[in-house]
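# An overview of the molecular structure
Below, each chain spelled out in residue letters.
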Amino acid sequence: MKWANIKLICVRELRDQLRDRRTLFTILILPLVLYPLLGMTYLQVAQFLKDSPTRIWIIGTQNLPQEEALALLSRDNKDFNPSLFPESKPTRLSIKVSKRLPEEATAKTIAAYAQQVIEAEEHEIIVYFPDMFAKQLRDFRDQITAYRTEEISADQLDATVVPAPQIYVNSANDKSQLGFRRTDNILRQWRQQIVKESFRESRIPEQVNNPFQLEKHDVAKPATKKAVVWSKILPFFALVWALAGAFYPAVDLCAGEKERGTLETLLCSPADRSEIVWGKMITIMVFSILTA
């Protein structure tokens with residue numbers, strides 16, 4: 001294998017590629033226009049999803065105890081209780097409250113009915129409180145009290161049915177996933193309030209629920225934080241640009257040259273097959289590196 005032949009083939013392929021306007025457009029102009037456009041489109045879509053309102057349908061509020069219902073919803077049943085938002089209340093929440101299941105849905109078909117409503121984009125999230133929710137919650141509290149007074153054992157307490165609201169979400173829909181995150185945070189705050197109320201009824205300090213606090217101290221420098229972000233982004237873009245710069249020349253040097261009928265002439269030259277392969281591969285690598 002002679003490096004002189006490899007160099008000759010490489011120079012010849014580089015000259016031909018630099019003369020091709022389509023190649024120059026694909027590896028130079030198109031990335032400078034396409035990738036910023038894709039980035040701007042992604043940011044616009046993300047901002048749209050963030051600002052889009054979440055339509056939540058809460059069904060079965062009649063199955064909630066009165067105190068828990070007041071802790072979850074406002075008095076007019078048109079919004080969540082403001083106490084569930086420790087920082088700032090989201091303005092992109094649209095609440096619909098129904099005391100019982102609609103006539104076209106029953107407890108056995110609630111999953112199918114929720115799927116139909118969410119797929120029709122009438123609501124992003126459906127929260128359903130089953131018929132036995134209030135009784136199960138009351139029994140669970142009574143069992144905890146009985147355990148404190150040693151009337152039941154720990155095994156009997158573990159066997160107690162824990163009430164569970166049903167949340168229906170479409171994981172294939174971005175708006176529904178965003179709505180689930182918002183709803184999940186609200187329901188977690190509501191559950192925490194119920195836990196605190198149970199502690200007060202049992203005369204147990206609230207600090208028992210949090211025996212210790214975690215204090216996070218970030219010792220990273222501001223410049224280091226920025227460097228970490230760019231260290232994750234830049235390699236991705238470099239890889240994409242390297243692939244974009246190599247793709248079109250690779251196709252043109254192999255399939256394109258075969259279609260033009262010039263590959264046979266190159267194979268008839270004194271250069272070995274391996275020298276031809278190395279010359280073309282080095283040409284592709286040069287365009288890939290320059291594009292990146």
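Refer to the structure above for everything that follows.
Here is a short report on the structure shown in this document.

## Focus on the packing of aromatic side chains
In this description, a pair of aromatic rings is defined by centroid distance and the angle of the planes. All chains considered together, the criterion is met by 4 aromatic pairs. On the basis of an interplanar angle of 80° and a centroid distance of 5.8 Å, the ring pair of F129 and W190 is categorised as edge-to-face. With F129 in the loop between β3 (125–128) and α5 (133–148) and W190 in helix α7 (residues 174–201), this residue pair connects regions lying 61 residues apart in the sequence. An identical accessibility class is assigned to F129 and W190; each is buried. Three or more aromatic residues joined by ring pairs form one cluster here, namely F129, F133 and W190. Above the plane of the ring of W57 lies K96, whose end atom (NZ or CZ) is 4.2 Å from the centre.

## Remarks on the pattern of salt bridges
Counted by the stated rule, this structure contains 7 salt bridges. In this structure, the salt-bridge partner of D16 is R12, at a minimum N-O distance of 3.6 Å. One end of the pair, D16, and the other, R12, are both in helix α1 (residues 3–19), 4 residues apart, so they sit about a helical turn from each other. Judged by relative accessible area, R12 falls into the partly exposed class, the value being 23%.

## Comments concerning a nonpolar patch on the surface
Taken together, the side chains of F25, L28, I29, L30, L32, V33, L34 and L38 define a hydrophobic patch exposed on the protein surface, amounting to about 720 Å² of accessible area. Within the fold, L30 resides in helix α2 (residues 21–51).

## Regarding α7
Between its terminal C-alpha atoms α7 stretches 41 Å, which fits the 40 Å expected from 28 residues at 1.5 Å a residue. With its phi angle positive at about 60°, R203 sits one or two positions after the end of α7.

## Structural notes on the environment of P130
Within the fold, P130 resides in the loop between β3 and α5. Between the C-alpha atoms of P130 and I59, which are 71 residues apart in sequence, the distance is 8.8 Å. Contacts of P130, omitting those with residues within four sequence positions, involve N63, A164, P165 and Q166.

What counts, and at which threshold
Residues numbered from 1 in each chain as written. Predicted model: local features only at pLDDT ≥ 70, side-chain atom pairs only at ≥ 80, totals over all residues. Heavy atoms only, no water. Phe/Tyr/Trp six-rings, centres within 6.5 Å; stacked < 30°, edge-to-face > 60°. Helix = DSSP H or I, 4+ residues; strand = E, 2+ residues; numbered from the N terminus. Buried < 20%, exposed > 50% of the residue type's maximum accessible area, 1.4 Å probe, protein only. Lys NZ or Arg CZ within 6 Å of the ring centre and 35° of its normal. Salt bridge = Lys/Arg side-chain N within 4 Å of Asp/Glu carboxyl O. Patch = residues over 30% accessible without salt bridge, like charges linked within 9 Å, V, L, I, M, F, W, Y side chains within 5 Å. Areas by Shrake-Rupley, 256 points an atom, 1.4 Å probe, with all protein chains shown as cover. Expected span 1.5 Å × (residues − 1). Contact = heavy atoms within 4.5 Å.

Coordinates in, geometry out; function isn't part of it.
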